[in-house]
Amino acid sequence: MDLALPLKRHFGHDEFRPLQREIITDSLAGRDVFVLMPTGAGKSLCFQLPALMREGLTIVVSPLISLMKDQVDALQTSGIPATYLNSTLDRDQAKARWRGLHRGEYRMLYVAPERLMLETFLERALNWNIAQLAIDEAHCISEWGHDFRPEYRELKKLRKHLPEVPIMALTATATERVRSDIIQQLHLRDPRCYVASFNRPNLTYRVVPKSAPYEQVLAFIRSRPNDSGIVYCASRKSTDSLARNLNEDGISAKPYHAGLTSAERTKHQESFLRDDVRVITATIAFGMGINKPNVRFVVHYDLPKNLESYYQETGRAGRDGLPGECVLLFSASDVASKSTSSMKRAKRKRRSLGRNFNRWSITPRRANAGAPRCWNILAKHFRRYHATVAIIVCSRAKLSTARCTRRNFFPASIASTPGTDSA
């Protein structure tokens, strides 16, 4: 089967990225498939191209309705008949799309899990020629995952309602335990499992001691006047205040969090996608599935929830394959958490995460240890879950010698604070 021609015609690519061809081939053969690929590696193409090459409808389960319009608009611009159904549509718009679905006018439908699993929705869907189900952000189905969503658990009923329809589960972040849980919960039958390396060679990472966080972030953004990026914050309050302060200092910024209305979030997101706004200050709600390839930097203003979240959030940078910078401002005080007994487990995890980042944020006298140290931390965390990760991380660590400095791994990309390494 010639896949190169439709790849070029519909998506403009001359060749596949690693594992894409194999995944697409298995999908077209009607097999269940599990896909673990880093953000920016081309997961979406794995179900979009097969949807164009066979008859029937591919239903894509997506967790954030605010991103569906962006994804569908991009497909329609490429001449691909796609649509979405969610609460942002008015009555007439929804009716028109239902008619199109019943007439077989679409190849792809994006829908949230809670809507898909409504009894009335499934009754209608049984009348369509469904060719495949693609479960995006599949880690949300697992209680062991870092972003568990109860509504995803209902998706396990899909096999009962649509027993003959092949399922593709996709995620950028899943430990071995989460991966097994996804396969079990979705009742995947003898699935082909593809696990890509988590390494993103175009991204550089740096952890910087937090002293005057706003001034550090302001200096960093000002030094990149033509770049756009995301600044992740721990709370809505800090997200709003940071955006406000950046605007007052001449940098166009918008906040994004669950406290805003759906219309406000959509407006801010579209402004960012059109480059009308350079910076989005956001809670973790922003970024999942965002289709903006030229995000040049991701800054963590506060400590992320865990290493999985950190990896996924920094993965928003450099999706076009060009260099991207990932900077985390670290302070030991960020590790502090509530002292209630119900928070003990989370507190232990957060302290462990804090120790990792504290080791990563080295001082000048320990600079020679910095390069292998950062990769050893990642290797220790991921080695148990991804064999390819351990190989790549250890290989890069071994390239360091006693005379190596952090410069090899963390270029001078952020204004240094007094008493910290500027390399």
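What counts as what
Residues numbered from 1 in each chain as written. Predicted model: local features only at pLDDT ≥ 70, side-chain atom pairs only at ≥ 80, totals over all residues. Heavy atoms only, no water. Phe/Tyr/Trp six-rings, centres within 6.5 Å; stacked < 30°, edge-to-face > 60°. Helix = DSSP H or I, 4+ residues; strand = E, 2+ residues; numbered from the N terminus. Buried < 20%, exposed > 50% of the residue type's maximum accessible area, 1.4 Å probe, protein only. Pairing = 2+ DSSP bridges. Contact = heavy atoms within 4.5 Å. Expected span 1.5 Å × (residues − 1). Arc of directions from axis to C-beta. Polar contact = N/O pair within 3.5 Å; in protein donor to acceptor, adjacent residues only side chain to side chain. Salt bridge = Lys/Arg side-chain N within 4 Å of Asp/Glu carboxyl O. Axes fitted to C-alpha atoms, helices over the stretch in contact; angles between N-to-C directions. Parallel < 35°, antiparallel > 145°, perpendicular 65-115°, else oblique. Left-handed = near helix turned anticlockwise from the far one by under 90°. pLDDT = per-residue confidence, 0-100. Nonpolar A, V, L, I, M, F, W, Y, C, P; charged D, E, K, R; others polar.

Asker: Would you take a moment to explain the packing of aromatic side chains for this structure?
Answerer: To describe a pair of aromatic rings, you give the distance between the ring centres and the angle between the ring planes. The tally for this structure, following the rule as stated, stands at five aromatic pairs. Between tryptophan 98 and tryptophan 128, the aromatic rings sit 5.7 Å apart at their centres with planes inclined by 40°, giving tilted as the arrangement. Residue tryptophan 98 is found in helix 5 (residues 91–102), and its partner tryptophan 128 is found in the loop between helix 7 (119–125) and strand 5 (130–135); the two are separated by 30 residues along the sequence. The two residues tryptophan 98 and tryptophan 128 agree in class, both being buried. Here a set of aromatic residues connected by ring pairs shows up, and it is made of Trp98, Phe121 and Trp128.

Asker: What exactly am I supposed to notice about the pairing of strand 5 here?
Answerer: Working note: regular strand, side chains alternate between the two faces of the sheet. The buried fraction of strand 5 is high, at six of six residues. The pairing of strand 2 (residues 57–61) with strand 5 spans five bridges and is parallel. Bridge pairing in strand 5 places valine 61 opposite isoleucine 135. Here strand 5 pairs with strand 6 (residues 167–171) via three bridges, running parallel. Each residue of the ladder has a partner; that of alanine 134, found in strand 6, is methionine 168.

Asker: Looking at this model, I keep getting lost on helix 11 (residues 213–222). Mind explaining?
Answerer: Along an α-helix, a turn takes 3.6 residues, which lines up residues three or four apart on a common side. Within helix 11, seven of the ten residues are buried, which leaves it mostly tucked inside the rest of the structure. Within helix 11, burial applies to Pro213, Tyr214, Gln216, Val217, Leu218, Phe220 and Ile221. As for helix 11, its buried residues are in contact with strand 8 (203–209), strand 9 (228–232), helix 12 (236–248), strand 11 (279–282), strand 12 (295–300) and strand 13 (324–330).

Asker: What's the story with helix 12 in this structure? I'm lost.
Answerer: In this model helix 12 runs 19 Å from its N-terminal to its C-terminal C-alpha over 13 residues, within 8% of the 18 Å that 1.5 Å per residue would give. Burial in helix 12 covers these residues: Ser238, Thr239, Leu242, Ala243 and Leu246. Down the axis, helix 12 shows its buried residues gathered within 130° of arc, on one side only. Exposed side of helix 12, more than 90 degrees from the buried face: Lys237 and Glu248 are the residues found there. Packed against the buried residues of helix 12 are helix 11, strand 9, strand 10 (253–256) and strand 11. Just beyond helix 12, the residue with positive phi is glycine 250, at close to 85°.

Asker: Quick question: what am I supposed to make of the side chain of arginine 159 here?
Answerer: Counting through the fold element by element, arginine 159 comes out in helix 9 (residues 158–161). At 2.3 Å, the side chain of arginine 159 forms a polar contact with the side chain of aspartate 32. Reaching out from arginine 159, the side chain makes a polar contact with the backbone oxygen of histidine 187 at a distance of 3.2 Å. Ignoring any residue separated from it by four or fewer positions in sequence, one finds arginine 159 in contact with Asp32, Val165, Ile167, Leu186, His187, Leu188 and Arg189.

Asker: Before we go on, may I ask you to explain the pattern of salt bridges in this structure?
Answerer: A pair can form between side chains of opposite charge whenever their charged atoms are brought close. The final tally for this structure, using the stated rule, is 16 salt bridges. For lysine 8, the salt bridge identified is with aspartate 14, shortest N-O distance 2.9 Å. A salt bridge links arginine 274 to glutamate 270, with the nearest nitrogen and oxygen atoms 3.9 Å apart. A relative accessible area of 49% means that arginine 274 is categorised as partly exposed. Several salt bridges share partner residues, and in doing so they unite Lys69, Asp73, Glu270, Arg274 and Asp276 into one network.

Asker: Would you mind showing me how to read the packing of helix 2 (residues 20–28) against helix 3 (residues 45–53) here?
Answerer: Angle between the axes and distance between the axes: these two values describe a pair of packed helices. At a closest axis distance of 9 Å, the pairing of helix 2 and helix 3 adopts a crossing angle of 45°. Here helix 3 runs oblique to helix 2, going by the angle between their axes. With respect to the hand of their crossing, helix 2 and helix 3 are arranged in right-handed fashion. Contacts between helix 2 and helix 3 involve Gln20, Ile23, Ile24, Ser27 and Leu28 on the former and, on the latter, Leu45, Cys46, Leu49, Pro50 and Met53.

Asker: In this structure, what is going on with the confidence of the model for the protein chain? I would like to understand it.
Answerer: As a note on interpretation, predicted positions should not be read in detail where pLDDT is low. The share of residues in the protein chain with pLDDT of 70 or more is 76%, and the mean pLDDT across the chain is 79. Predicted confidence is poor over residues 361–375, with pLDDT under 50, and the contacts of this stretch with residues over four places away or in other chains come to 34 contacts. Throughout residues 382–423 the model reports pLDDT below 50, and contacts reaching past four residues in sequence, or to other chains, amount to 90 contacts.

Asker: Hey, could you run me through the packing of helix 1 (residues 4–11) against helix 3 in this one?
Answerer: The N-to-C vectors of helix 1 and helix 3 enclose an angle of 105°; their axes lie 11 Å apart at closest approach. With respect to helix 3, the element helix 1 is oriented roughly perpendicular. Residues Pro6, Leu7, His10 and Phe11 of helix 1 form the contact with helix 3, whose own contacting residues are Leu45, Gln48, Leu49, Leu52 and Met53. Broken down by class, the residue content of the contact of helix 1 with helix 3 amounts to seven nonpolar, two polar and no charged.

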